[in-house]
Structure formats: C-alpha cells, structure tokens
Amino acid sequence: MSGSASIDDLLTFEEERPKQDDRDERGRAGRVFRALAGNAAVVAVLLVGLRAVGLQVSLVILVAGVFAVSAVRRIAAALAAPPPAPSRPSSTTQYDDGTWNWGARDALRTAINGWELPLDWSTTRPERFTGVILPRLAELADERLRLKHAVTRESDPARARALLGDRLWTFLESPPRRPPSPRDLAVIVAELEKI
C-alpha cells in the first residue's frame, strides 16, 4: 500500500484466498486416521461382545454397519444448525415459568441484599440500625413524599408530618435506642408504603 490511500481503498475488502499448506493436509490425514481407528475399535468391541453372547455376524456386515452409522453421525453433525448465540432473554419473548432464578444477578436481588444484610447486622449492633437503616428509611420517606405530594420533611414539616402520621414521623425524627422488632418494622414499612 502506498503512502496515500483514498477512503475507498481503505473501505474496500478483498478476500484473500487461504494458502494451502502441509498443515491442512496433515490435519485432514490425522482426522481420517482417528476416524478409522475409532471405527476399528468399535468393530472390535462389537465383534467380541457378539461372540461373547454366542452370536455370529459377518465381519463385512459389521464393518459396513459401523462405518454407515459413523458417516451418518458425521453428516448430521456437519449439517446441524449452529447453536444460538447467547443473548439476554427479553421478558416479552420468553415464557416465564414462575420460578426464581437464584443464580442470576439482577437489580431486585441486589436491592434485597442491600436491605437484608444491614438489617441482619443491626440485630447485633444497634448503632448500625441508626447509622445505616434509619437514614435509608428517611430517604425513602422523603422520596415518596416528593413524588406523590411534592413536599419533603425539610421543605414543609407540618404537611409532611400530617402525611406521614405521628408514629412514622416520630420514628424518623427521634430514632429509638434499639432497633425495632421485625413486627414493628413491618408496620412502619407498611405505613411508609401508604404514603
């Protein structure tokens, strides 16, 4: 290629013919030899097996049968469609059987773990609840208030308190000394969902 080339020269593609070398012929000879050796081994095993059970079969018929089955198997493998490319299944094209794929990494599982682990830690370390869980609940409450009622606890405390209710407001503004029980936390979350 010379020092200056046009854009057409760069974008055209001419397929080069593959060079025949000795490696292709040696590879082909090796494949043929392996196929013959495999077929001979199958014939030998079948011959010994048939003779062990007392059956006499002509060697020519046995060899022809093994080679025919081998040829059909190789032709079927060559004509088989290639495996489908791995792609992300879309929810509209794939049937959902209702079972949960626990091995998959998805946003829902990540979100559940984001709550599950800190809640589990907070049972043994109460400061963990007030330092990790309570701020998340407060952010969640503010976000729900902002989305549904266009207020936050900071922008309009009186209206936010009325929307949240006294129990939820007190819980968010003056944190308890120890983490609430799972039942109390479920009630708080239920009130938070009603916003």
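Cut-offs used in this document
- Residues numbered from 1 in each chain as written.
- Predicted model: local features only at pLDDT ≥ 70, side-chain atom pairs only at ≥ 80, totals over all residues.
- Heavy atoms only, no water.
- Helix = DSSP H or I, 4+ residues; strand = E, 2+ residues; numbered from the N terminus.
- Buried < 20%, exposed > 50% of the residue type's maximum accessible area, 1.4 Å probe, protein only.
- Areas by Shrake-Rupley, 256 points an atom, 1.4 Å probe, with all protein chains shown as cover.
- Core = buried A, V, L, I, M, F, W, Y, C linked by side-chain atoms within 4.5 Å.
- Axes fitted to C-alpha atoms, helices over the stretch in contact; angles between N-to-C directions.
- Parallel < 35°, antiparallel > 145°, perpendicular 65-115°, else oblique.
- Left-handed = near helix turned anticlockwise from the far one by under 90°.
- Contact = heavy atoms within 4.5 Å.
- pLDDT = per-residue confidence, 0-100.
- Salt bridge = Lys/Arg side-chain N within 4 Å of Asp/Glu carboxyl O.

(A) How the structure looks around the overall build of the protein. The helix and strand inventory of the protein stands at eight helices and zero strands. Reading the secondary structure of the protein in the N-to-C direction produces α-α-α-α-α-α-α-α. The burial tally for the protein puts 15% of its 195 residues in the buried class. Only carbon and sulfur atoms are counted for the fraction: they give 59% of the accessible area of the protein, which is about 15,800 Å².

(B) Up close: the nonpolar core. L137, L164, L168, F171 and L172 are the most contacted members of the largest nonpolar core, which has 18 residues in total. Looking at this core, the elements that each hand over two or more residues are α5 (126-149), α6 (157-164), α7 (166-173) and α8 (182-194). Of all the elements, α5 adds the most residues to this core, at seven residues.

(C) Structural context of the packing of α7 against α8. In the contact formed by α7 and α8, the axes pass within 10 Å of each other and the chain directions differ by 110°. Taken together, the axis directions place α7 and α8 in an arrangement best described as roughly perpendicular. Relative to α8, the crossing made by α7 is left-handed. Across the interface between the two elements, R167, L168 and F171 of α7 pack against D184, V187, I188, E191 and L192 of α8.

(D) Quick look at the confidence of the model for the protein. Of the residues in the protein, 68% reach a pLDDT of 70 or more, and the chain-wide mean stands at 78. Confidence scores differ between elements of the protein, with helix α1 (residues 7-11) showing the lowest mean pLDDT of 59 and helix α3 (residues 59-79) the highest of 91.

(E) Focus on the pattern of salt bridges. For the structure shown, the criterion picks out five salt bridges. The partner of E143 in a salt bridge is R146, with the nearest N and O atoms 2.6 Å apart. Of this pair, E143 and R146 both sit in helix α5, separated by three residues, roughly a single helical turn. Classification of R146 as partly exposed rests on a relative accessible area of 43%. Each of the salt bridges in this network shares a partner with another, and the network as a whole consists of D142, R153 and E173.

(F) Expanded view of the side chain of N39. With respect to the element layout, N39 can be found in helix α2 (residues 22-52). Under the relative-accessibility criterion, N39 is labelled buried at 9%. The residues contacting N39, other than those within four sequence positions of it, are V66, F67 and S70.

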